[in-house]
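Below are the chains, spelled out letter by letter.
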Amino acid sequence: MAISKALLSCDGTARTSSKRSARRIAGVAALAFLVAATLGSSIVLAGNSVGSFEIDGNLAPDYSTPPPEPIDWLSNPFPASLTTFHDATGQGDNIFGMGSKENDQSSWVCTTGSAPQKDDVLDQISILQSSSPIAGEIAFRFVGDKQFMYANWSRLSNNGNAHIDYEFNRNDPAVSPASPGCSQLPNRKVGDFLVSFDTDVAAGTIAVTAFSWNGATFFQLATGSQGLLWDAAVNPGPIAGLVAVNSSLRDVSNLFGELALDVSDTIGTIACNQVLSVAMKTRASTSLSAELKDRTRAMPVNFAVFNPAGANASGDAFAARLQDTLLGLDTTLPAATPAGCAQGVCSSQSGPGSTSNGNQVLAVPPPPQPLLSANVLAASSTSTVDPVSDAAADTGVAESAGVNVLGGLVTADVVRAVANAKATGFNASVSIAGSAFKNLVVNGTQLNNVDPNTRIDLPATAFGVGSYVALLEETTSISQPPAGQISGGTFAADVSVNMIHVHIAGVIGGIEAADVIVSHAAAHADFPQPGGCPALAGTVSGDATILSEQIDPTTLPVSFGNVAIPPQGGHDHQDLDQLTTSAATSGTSVSDSLGSVTPTASTSTSLAQAQDVCVAPTAAGCTVSVRAVRSQANSTSGGGASSSNANGTSLLGVTVGSTSIADNPPPNTCISAIPDVAVILNEQVCDGAGTLACSPTGTPVTCSGSTSSGLTARAVHVIVTQGGALGLPAGANVIVGEAHADSSHP
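Scope of this entry: the structure provided in the associated data block. (Residues numbered from 1 in each chain as written. Predicted model: local features only at pLDDT ≥ 70, side-chain atom pairs only at ≥ 80, totals over all residues. Heavy atoms only, no water.)

**Topic: the sheet that holds strand β1 (residues 81–85)**
Here comes step 1: Read across the open sheet, the 5 strands follow the order β1-β4-β5-β13-β12; overall the sheet is antiparallel. Every other strand in the sheet has two partners, leaving β1 and β12 (230–234) as the edge strands with one partner each. For this sheet, the mean angle separating the axes of adjacent strands, direction not counted, is 10 degrees.
Here comes step 2: Bridge count for β1 against strand β4 (residues 136–143) is 5 bridges, and the pairing is antiparallel. Paired with L82 across the two strands is A139, which belongs to β4. (Pairing = 2+ DSSP bridges. Helix = DSSP H or I, 4+ residues; strand = E, 2+ residues; numbered from the N terminus. Axes fitted to C-alpha atoms, helices over the stretch in contact; angles between N-to-C directions.)

**Quick look at the side chain of D742**
Here comes step 1: Following the sequence through the fold, D742 ends up in strand β48 (residues 733–744).
Here comes step 2: For D742, which is buried and forms no salt bridge, the nearest opposite charge comes from R714, at a distance of 12 Å.
Here comes step 3: A distance of 2.7 Å separates a polar atom in the side chain of D742 from a polar atom in the side chain of H740.
Here comes step 4: In this structure D742 touches V540, S541, S604, S635, D687, S709 and G710, once residues within four positions along its chain are discounted. (Buried < 20%, exposed > 50% of the residue type's maximum accessible area, 1.4 Å probe, protein only. Lys, Arg positive; Asp, Glu negative; His and termini not counted. Salt bridge = Lys/Arg side-chain N within 4 Å of Asp/Glu carboxyl O. Polar contact = N/O pair within 3.5 Å; in protein donor to acceptor, adjacent residues only side chain to side chain. Contact = heavy atoms within 4.5 Å.)

**Overview of the pattern of salt bridges**
Oppositely charged side chains may form a pair once their charged atoms are brought near each other.
Here comes step 1: Evaluated as defined, the whole model comprises 17 salt bridges.
Here comes step 2: Residue K281 is joined to E102 by a salt bridge in which the shortest nitrogen-to-oxygen separation is 3.6 Å. In this pair, K281 sits in strand β14 (residues 276–283) while E102 sits in the loop between β2 (93–96) and β3 (110–113), placing the two residues 179 residues apart along the sequence. No difference in accessibility class separates K281 from E102, as the two residues are buried.
Here comes step 3: Put simply, E102, D165, E167, R188, D198, K281 and R283 are held in one network by salt bridges that share partners.

**Remarks on the state of the cysteines**
Here comes step 1: Evaluated as defined, the whole model comprises 4 disulfides.
Here comes step 2: One disulfide in the model links C110 with C182; its S-S distance is 1.9 Å. Looking along the S-S bond of the C110-C182 disulfide, the torsion reads about -50 degrees, which is the left-handed sense. A residue pair is termed long-range when its members are at least 10 positions apart, and C110 in strand β3 and C182 in strand β8 (residues 182–186) qualify at 72 residues.
Here comes step 3: Two residues, C614 and C622, share a disulfide whose sulfurs are 2.0 Å apart. Between C614 and C622 the sulfur-sulfur dihedral comes to about -110 degrees; the bridge is accordingly left-handed.
Here comes step 4: A relative accessible area of 28% means that C622 is categorised as partly exposed. (Disulfide = S-S within 2.5 Å.)

**Looking at a nonpolar patch on the surface**
Here comes step 1: On the surface, a nonpolar cluster with roughly 280 Å² of combined accessible area is contributed by L326, L327 and V507.
Here comes step 2: The residue L327 is located in the loop between β17 (312–324) and β18 (329–333) in this model.
Here comes step 3: When its relative accessible area of 41% is taken as the criterion, L327 is described as partly exposed. (Patch = residues over 30% accessible without salt bridge, like charges linked within 9 Å, V, L, I, M, F, W, Y side chains within 5 Å. Areas by Shrake-Rupley, 256 points an atom, 1.4 Å probe, with all protein chains shown as cover.)

**So, the pairing of strand β38 (residues 589–597)**
Here comes step 1: Within β38, 9 of the 9 residues are buried, leaving the element largely enclosed by the surrounding structure.
Here comes step 2: Burial along β38 is two-sided: the face carrying S589, S591, S593, G595 and V597 and the face carrying V590, D592, L594 and S596 are both buried.
Here comes step 3: As judged from the 8 bridges shared by strand β35 (residues 569–576) and β38, these two strands associate in the antiparallel manner. Note that in β38 the partner of D572 across the bridge is S593.
Here comes step 4: Strand direction decides the pairing type here: β38 and strand β39 (residues 602–618), joined by 9 bridges, are antiparallel. When the sheet's bridge partners are listed, V590 is paired in β39 with Q609.
Here comes step 5: Counted along the chain from β38 to the antiparallel partner β39, the turn is 4 residues long.

**Looking at the pairing of strand β31 (residues 511–528)**
Here comes step 1: Most of β31 is tucked away, with 15 of its 18 residues classed as buried.
Here comes step 2: Of the pairings in the sheet, the one linking β17 to β31 comprises 12 bridges and is antiparallel in character. Looking at β31, one finds that N312 is bridged to D526.
Here comes step 3: Two elements, strand β30 (residues 490–508) and β31, share 16 bridges in a ladder whose sense is antiparallel. When the bridges of β31 are listed, H501 appears paired with I517.

Here it is in structure tokens:
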């Protein structure tokens, strides 16, 4: 029984070409309603054979006690990945300008205004996953070994046919916009695809078609007939979950539509971790050369179904641990927080949510002991399972200030440990980024650079055989399902770091067999593997920051406009109108990071751009001013080669002090025009490259490797070399426009 066709013909406001056809359509609708009413709950839904989804023109499952299958939009839980869309109506709506044609992006103009009512998608759908109405949804899941797409939409009026597009693109609009007149949507790449939903009220039919972009035009993919590889329906009238905002409508049928499509047998199965952006658009007619009308914001889309309820994160941190056999001492500072914590400050989270704890001790000792003195001992631990990003993460931070171990054996102004573990449904990663020493001195020797797991043996005659000082002790563990496994596995990550570990084996000064650990942090995260998704070998990293300032070198930097992506790829974006801090100001800014991992390659791109930048404002103006900056870092790995570059980076209208600098200065241009202040323009540093080399006539930096590479680009970097310059202490630094990208792949 062609239920979906009958539902379409219920549109009372649409007019057919004759009274006879109108009576015929109304009769078909009445017959369909009578049959449905007679069969009741035993009705065979049209969509059950396509993706085990109820394609019946409503949102709710057609059972009082829903079984696991088939599902509908209001199934709870909803066992499919979900992307939602919002859109407004009226003069402030995001629309296409006149003359914008679907198959010609060069004609696109993205503007605001009012779309025709029949082509105006807007927020009218209420679902469990959103606190406010939405304009449409897209969902993906595997049923058996096949991948299916489900989509829906709602529109303002039913006074004509509906022509709705869902376009999937691999480009990011912030990096590659559709046209000069439309920066909000991405430029098409070969292989991008479009799924179209078209109704014909007069004929009483619905069509779902799929197209792929070949670089010049869309070509249609074979989708077969309705009920085999696809199905679709519109609402027959009022339905639960749809609130029509158009009060002038007497008939609310055909305001909502839904579809199911067998992706595997039409478009081709999409990799679980493929990162695409998708937007909803409306057209004036079925033709792909028709004029475009309404549009939504491009949204990142997931194709995997994650299980954050099965994810876990945990960790601990302490600023100091003191152990001594002779003194009978075993003390951890700060004290256990919460009280049941095994050591120091700890946190744990199972399933969605976040737990955070922190504590500190001032003026150590107490208790009286000869092992350690310090001004501040602070620790914190945060565990999070985020169902939005589908990631479990834990971060532990331990910070000790004014450290003195064993009467001057080891001293430091600041000792900070940071441990971060993150796990998703595709991979896991660890990091100790942020761990640092300031003014570290060991047994009379100042150490400016410390490699992980550095060990300094102490004289046996003075301290006992086997005594040592270990610095930046790091242990890590990352695990994932075996290659080829597609379900039931777990991605897990563990990391632990001790910044200072002093072990005394002998007896000296009233101590014996002593151990002192300063600034310890540990983190764990695990996440279940999504069904149907094999583990991927590659990883990416990307982040961007508009402004980072470290005015006090003893504290963590403060950053603004920061975005970052997880190791399996993703997209993060932030827009800021303006920034004003004590060290810098800027006008409008954009930060963006995009990355993906496929079976053959890993790629990432990050950018930070800002206008009207002023660094270190003074009464006379700006220490450094820039009209426009754009830092961009790009990285790709695969096929036995990896490379990273800063293509896309630009600096315009630069002035340092009273000196004007030519546009787009070469990489790593160092300016010393201001006493006691170093200014680096267009700073570009490869991962692991070590010390920056000034190169005022340098060529663009390219980083390479066989399986991995990475690069950091900074537009402006100002460093105070002597205290008091610019009214800042020595070591203070300000960075404007930082972008980082790296990638790895076997």
